[in-house]
Amino acid sequence: MTIPATTSLPVTLAEAMEFAWYEADLLDHAIYDEWLAQWTADALYIVPIEPGTTDFENSLNYAYDDHGMRKKRVERLLNGQSISASPVALTVRSLSRFRLLQTDEASCELRCAQIITEYRRGRERTYTGDVTYRLVRGSTGLQIARKVVWLINSTEALGGIGYIL
Amino acid sequence: MTSLAELSTTPDDLIRKDRVRTPLYTDPAIFDAEMTKIFRNTWVWVAHVSEIPNNGDFKMAQVGLEPVIVVRDRKGKVHVHLNRCRHRGATLCEVRKGKTSSLVCPYHGWGYSLDGKLRGVPYENGYDEKTLDRNELSLKSLRVEEYNGLIFATFRDDIEPLADFLGPAKKWIDLFMKQGGGYPVKTLGEHKFRFPGNWKIQLENTTDAYHFPLVHKSFLTAVDKETEQQLDMLNNGGFVEDLGNGHSVMVMIPELIDLDDNLEAPIPEKFADLAKELAAEGYSDLEVRRMVRAVGGSGFNINLFPNVACSMAFFRVLQPVSVNETEIRHIAIGMDGGPAAANRARIRLHEFFQGPMGFGSPDDAEVWDRVQHGAQGGDEMWIMLNRGFPKEESLPDGRHRSDVSAETGMRAAYDQWKRMMTV
Ligand code: FES
Ligand SMILES: [Fe+2]
């Protein structure tokens, strides 16, 4: 990563985009140690159900992961014990339509579109949604303070999702 | 209408006491017959009272494949109407849930009151009294009855009351509702997912403890030691009991049958923080213990034939879609008016195991998918349901009980299936 750790300039769209693509690449290529290291200590990874939810903590979500749960999710993908993750689904995610909703020297709020195609056991499936990132500047560069994945069909019946959106 | 006898030379070729044949999962004619003979002829779960708490609240549901609206009218009475306008058949409602004062059809504007009566017909002078008798054109309403918060509907006016249909299952439903921890039980949202397989594959699973240690190994690896021991289902002295009419109960954690018992037992490590939080909010020691015990859920699953289970800490609803497609809803429940911290804990536990991204459900969905795939071969072969059959103990009223890993609950369900399908 070449993103400067400290600067007196606001986070730019280019920096934030580069970071989001980097995260997507880590997930699609199963580079999970590095992925786990990209989050702040109190960061949350959330996949809500109801559109427009703001109180994630008191709502039922598909995923509401702190660091411990993210680690467990990764272990599940790697340890071969989960029949729905052996073989693990192959994924390719495409991120586009980036927009900075807010930015300052220390952090930014990024929104983008995400389309994931999953392939597993002869079946191809697609999950489409918006992703909102809260990114903060850490000592080593940008880090994720919060990532929320808003699936467009979140209130419908989904298939099993044995990977990280 | 296809009868079971027409599908096969004799019903015994298709279904026996301890085994069934593969076409039960794969034959579209059998599926069609089930929608009529079973789902149109029994009590089908449609809602929990807390999903429509206030007058005017409604939700969409299905009875078999038929779309219905569950609605509480202005006087608080619950109705289940076929979601179909009497004019030309359009659905009146395509909103999953909400609040309304009437049901107005979007096509030509016929309006119905919440109790189903036709109230308004635009440009009524196109009809005379003979061609349009409003009293004849109420919505088609199903018979509705409720037991301990569970709302069921049926197309049949002449079958037994719900309470009789549930029979011995009522005692277990009462025990299950104790996880309100002193508050009424309330739904907290749901996880919905679909799998490409027959609905009876999921029906069997709710009373299948045998699969748990294997299919849910990755979940068991992710939980703490205490929870892992508690979930060592096959070694905890549990049992399965046939409750009549196709219902059954599977007790996996016997010490969690009655949540009002053992309140003096030490608080599990994983709930220590929650107990502290509740105590700090001013709840008494007894209240804290009661709530914490309730948060962990009940130690059993009640399988209610044909479409709902009260499953440890949530409602599990199955919705047949086609012979090889089924939708499942895992409805989270908590304490209505109870402390937010306790409900949060229940929500987090639900997210951990259930739903499309849970650590449990996707593995269940995967094996069900495999059952359906495997069933594409060997039409003439049997699905075995004989586990625990020889050692089954008979109860005085003719019901059966066996060890927790026995397929007694599935045999009970298929008994009822056969009774209803051979008519
Ligand atoms: S179909 Fe409903 S008013 Fe015509
Ligand atoms: Fe399971």
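Residues numbered from 1 in each chain as written. Chains lettered and ligands numbered in written order. Predicted model: local features only at pLDDT ≥ 70, side-chain atom pairs only at ≥ 80, totals over all residues. Heavy atoms only, no water.

**Brief notes about helix H10 (residues 272-280) of chain B**
Residue and element names in this part refer to chain B. Turning to H10, its buried residues number three or more, namely Leu274, Ala275 and Leu278. Projected down its long axis, H10 shows its buried positions confined to an angular sector of 100 degrees, all on one face. Away from its buried face by more than 90 degrees, H10 exposes Asp273, Lys276 and Ala280. If you follow the buried residues of H10, they end up packed against helix H11 (285-295) and helix H12 (340-353). Within two residues after H10, Gly282 carries a phi angle of roughly 105 degrees, on the positive side. (Buried < 20%, exposed > 50% of the residue type's maximum accessible area, 1.4 Å probe, protein only. Helix = DSSP H or I, 4+ residues; strand = E, 2+ residues; numbered from the N terminus. Arc of directions from axis to C-beta. Contact = heavy atoms within 4.5 Å.)

**Topic: helix H1 (residues 13-28) of chain A**
Along an α-helix, a turn takes 3.6 residues, which lines up residues three or four apart on a common side. All names here are of chain A. For H1, spanning 16 residues, the distance from its first C-alpha to its last is 22 Å, which sits close to the expected 22 Å at 1.5 Å a residue. Within the sequence span of H1, burial applies to Glu15, Ala16, Phe19, Ala20, Tyr22, Glu23, Ala24, Leu26, Leu27 and Asp28. Following H1 by one or two positions, Ala30 adopts a phi angle in the positive range, close to 55 degrees. (Expected span 1.5 Å × (residues − 1).)

**As for the confidence of the model for chain B**
Residues with a pLDDT of 70 or more make up 97% of chain B, whose mean pLDDT is 95. With pTM at 0.95, the complex prediction returns an ipTM value of 0.95. (pLDDT = per-residue confidence, 0-100.)

**Some details on the coordination of the iron ion (ligand 2)**
Residue and element names in this part refer to chain B. Within the protein, the iron ion (ligand 2) binds to His211 (NE2), His216 (NE2), Asp364 (OD) and Asp364 (OD); these donor distances fall in the range 2.1 to 2.5 Å. Here the iron ion (ligand 2) is ringed by four donor atoms whose angles at the metal span 55 to 152 degrees, and the overall shape comes out irregular. Written as a sequence motif, the donor residues of the iron ion (ligand 2) are H-x4-H-x147-D. Classification of His216 as buried rests on a relative accessible area of 1%. (Donors = N, O, S within 2.8 Å, 3.2 Å for Na, K, Ca; no water. Tetrahedral: all angles 85-135°; square planar, octahedral: opposite > 155°, others 65-115°.)

**What about the packing of helix H3 (residues 28-37) of chain B against helix H14 (residues 408-421) of chain B?**
All names here are of chain B. With their axes 10 Å apart at the nearest point, H3 and H14 run at an angle of 85 degrees to one another. Here H3 is positioned roughly perpendicular relative to H14, judged by the angle of their axes. Contacts from Ile30, Ala33, Glu34 and Lys37 in H3 reach Trp417, Met420 and Met421 in H14. Split into classes, the residues belonging to the contact of H3 with H14 amount to five nonpolar, no polar and two charged. (Axes fitted to C-alpha atoms, helices over the stretch in contact; angles between N-to-C directions. Parallel < 35°, antiparallel > 145°, perpendicular 65-115°, else oblique. Nonpolar A, V, L, I, M, F, W, Y, C, P; charged D, E, K, R; others polar.)

**Considering the layout of surface pockets**
Residues and elements named next belong to chain B. Volume-wise, the second largest pocket comes out at about 1,100 Å³. Around the second largest pocket, the lining is made up of 43 residues, and of these Met60, Arg96, Glu190, Lys192 and Arg329 lie nearest the centre. Contributing elements (two or more residues each) for the lining of the second largest pocket: strand S3 (44-48), strand S4 (57-63), strand S7 (97-99), strand S13 (185-195), strand S18 (314-322) and strand S19 (325-335). With seven residues, the single largest contributor to the lining of the second largest pocket is S13. When its residues are assigned to classes, the lining of the second largest pocket shows 17 nonpolar, 13 polar and 13 charged. (1 Å grid on protein atoms, 1.4 Å probe; cavity = no way out; pocket = protein on both sides within 12 Å on 5 of 7 lines; lining within 4 Å. Points joined across faces, edges and corners; volume = space filled by probe spheres on them.)

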